[in-house]
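Overview (structure and organization)
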Amino acid sequence: MEKYYITTPIYYPSGKFHIGTAYTTILADTTKRYKKLRGYDAYFLTGLDEHGQKIETVAKENGKTPQEHVDFMAEKTIELWKRMNIQYDDFIRTTEPRHEKIVQEIFDRLMNQGDIYMGEYEGWYCMPCETYFTETQLVDGKCPDCGREVKKMKEESYFFNMKKYQKRLEEFYEKNPDFIEPISRKNELFNNFIKPGIEDLCVSRTSFDWGIKVKANPKHVIYVWLDALTNYITALGYLSEDDSKFKKYWPADLQIVGKDIIRFHGIYWPIFLMALDLPIPKKIYAHGFISIRDGKMSKSKGNIIYPEQMIDRYGLDATKYYLLREFPFDQDMTVTPENFVNRYNGDLANDLGNLLNRTIGMINKYFEGTVDTSNIKETEFDEVLKKLALQKAKEAEECLDNLHYSNALEKIWQIVSASNKYIDDTKPWVLFKSEDEQDKRLLASVMANLVENLRIVAVLLQPFMEETSNKIFAQLNIDLRDWDSSHEYIANRGTIKVGKDVEPLFVRLEVEKELEYLENIIKGKK
RNA sequence: CGCGGGGUAGAGCAGUUGGCAGCUCGUCGGGCUCAUAACCCGAAGGUCGGUAGUUCGAGUCUAUCCCCCGCAACCA
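Here is a short report on the structure shown in this document. (Residues numbered from 1 in each chain as written. Chains lettered and ligands numbered in written order. Predicted model: local features only at pLDDT ≥ 70, side-chain atom pairs only at ≥ 80, totals over all residues. Heavy atoms only, no water.)

1. Section: the overall build of chain A
Helix and strand content of chain A: 19 helices and 17 strands. Burial statistics for chain A: of 526 residues in total, 58% are counted as buried. Long-range contacts, defined as pairs at least 24 residues apart, comprise 77% of the intrachain contacts of chain A with a sequence gap of at least 6. Of the roughly 23,100 Å² of accessible surface on chain A, a fraction of 48% belongs to carbon and sulfur atoms. Taken together, the 73 basic and 84 acidic charged side chains of chain A have centroids lying 1 Å from each other. (Helix = DSSP H or I, 4+ residues; strand = E, 2+ residues; numbered from the N terminus. Buried < 20%, exposed > 50% of the residue type's maximum accessible area, 1.4 Å probe, protein only. Contact = heavy atoms within 4.5 Å. Areas by Shrake-Rupley, 256 points an atom, 1.4 Å probe, with all protein chains shown as cover. Lys, Arg positive; Asp, Glu negative; His and termini not counted. Charge placed at Lys NZ, Arg CZ, Asp CG, Glu CD.)

Next comes the structure, spelled out in structure tokens:
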């Protein structure tokens, strides 16, 4: 079985995770589910980046030790992923021995082979915040966090010799133009940071404690990226006794990141791997940010959306559908209350939900729930409908292969729309009233086609909305759901016996009420 | 100053190699009654940011200008 290794970044648990973090994880989860359906041995890693200055600070604010804080956050995170039915295979925490031990070994090795050297880190230091800032981070020359004076300070630090790998990295990019997607992000990174010359990276600090100690020099703590990025291989058991997973799954096939950390994944990470003489991941996908109307989500604006606020009220599937349907592949997404309500009522309730409902309803009404499809007679609209369904299924698959999830959903919904139109075209209620025996056969054909279209939709929906897909299969009382069955159209399937209970998939939202709820979230009132 | 992305119907967006300007929602009108007041059809609505070019022909190529958003490195 071909393997497929997919990762999310390890998130930094200094505070609650917002909808953007949830989106990254949803993307990875959707991909994993899809790859599994396609027969891959898909392995999905996520986790937490638990070290650093900020964790130390936040823990202190809450009267906890850093370890207590991250333990608590890890529990909360796992709870959230469970709530979101995220099917990860491993959850790595950088405070785990399996990670810390190997990071130390990696550090030693890089130092011994001359990639890491002792130098001096210089930056603007804010005493009360105990944090360094770069020149550009300062606001009016003052600390961006507390607004107080900063001092130029120096400390002894280890550095990674990135410059040494400049050429190899450039060559790598030339040979692998698809390494980073979307291409615009690649260009941005390449033009701004690689072409002008890479700078060496500071990989240790002495100004705080909460991190992995450098073995050979324990007053140094390993700083950020060497600790964080290596999680992708330590989680697989790299350099550990049992490295079977590492051997099996590395290199990663897809690493999903937010656009803010593309630089670290596109420059430092490949170089670390080169230094360790390991293969580089096949692809990094950097998605955009979620913004609210005109602005970015931010604490100061108070317009942060938390995943629970959506999921608890609208359900997991609707939340996932909205994000996956509206997020453009290579741009930011703008969330508006109107837009969400539109998608929910329009796409989920009216188009899909109602299609299933009216189909099941007709079969119960016209055939008492049981249709014999062995003697159907095709209507003049059938051929077009079938062709379209198979065509769109194929197109949706192509979109899925390219991570174009929004487009994939659009294709799936074209099958839904065509089915709704098909009902109008064939007028089953007229066929039902006809005395002609031929019309009865036509009617059976119409029902068979609707069932088959819905079945194909349910198959295609599996990676996106598991629960909804299951509900459709259950109501249709069909269980043919393997992926390849979306490529064959089986109108004649013997006797169809649909479910009696026709519970709506999605109940229409009261527009005004929900707009208000969503407005309040955006304004930070809830 | 630099880099990336945008500027297409009231709103949100598609527009592959240049060839009669599309989609969703909204609005207006019509149809249908199986269904979650859902579904289907039709119409109105755009000098495709400005200007100058290349071309038989440009939203699509070239130049230049204007406006909006984001990024500028050791901040996760």
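2. Looking at the packing of aromatic side chains
Within a pair of aromatic rings, the relevant descriptors are the distance that separates the centres and the angle that separates the planes. Counting across every chain of the model gives 35 aromatic pairs. Residues Y4 and Y40 carry aromatic rings whose centres are separated by 5.8 Å and whose planes lie at 75° to one another, so their mutual orientation is edge-to-face. Taken together, the positions of Y4 in strand β1 (residues 3-11) and Y40 in the loop between α1 (19-37) and β2 (41-48) put the pair 36 residues apart, joining distant regions of the chain. According to the relative accessible area criterion, Y40 is partly exposed, its value standing at 23%. Ring geometry for Y285 versus F329: centroids 4.9 Å apart, planes at 10°, classification stacked. With Y285 in strand β12 (residues 284-287) and F329 in the loop between α12 (316-326) and β15 (333-335), this pair connects stretches of sequence that are 44 residues apart. Looking at F329, the relative accessible area reads 17%, which means it is buried. Taking NZ or CZ as reference, K64 lies 4.0 Å from the ring centre of F72, over its face. (Phe/Tyr/Trp six-rings, centres within 6.5 Å; stacked < 30°, edge-to-face > 60°. Lys NZ or Arg CZ within 6 Å of the ring centre and 35° of its normal.)

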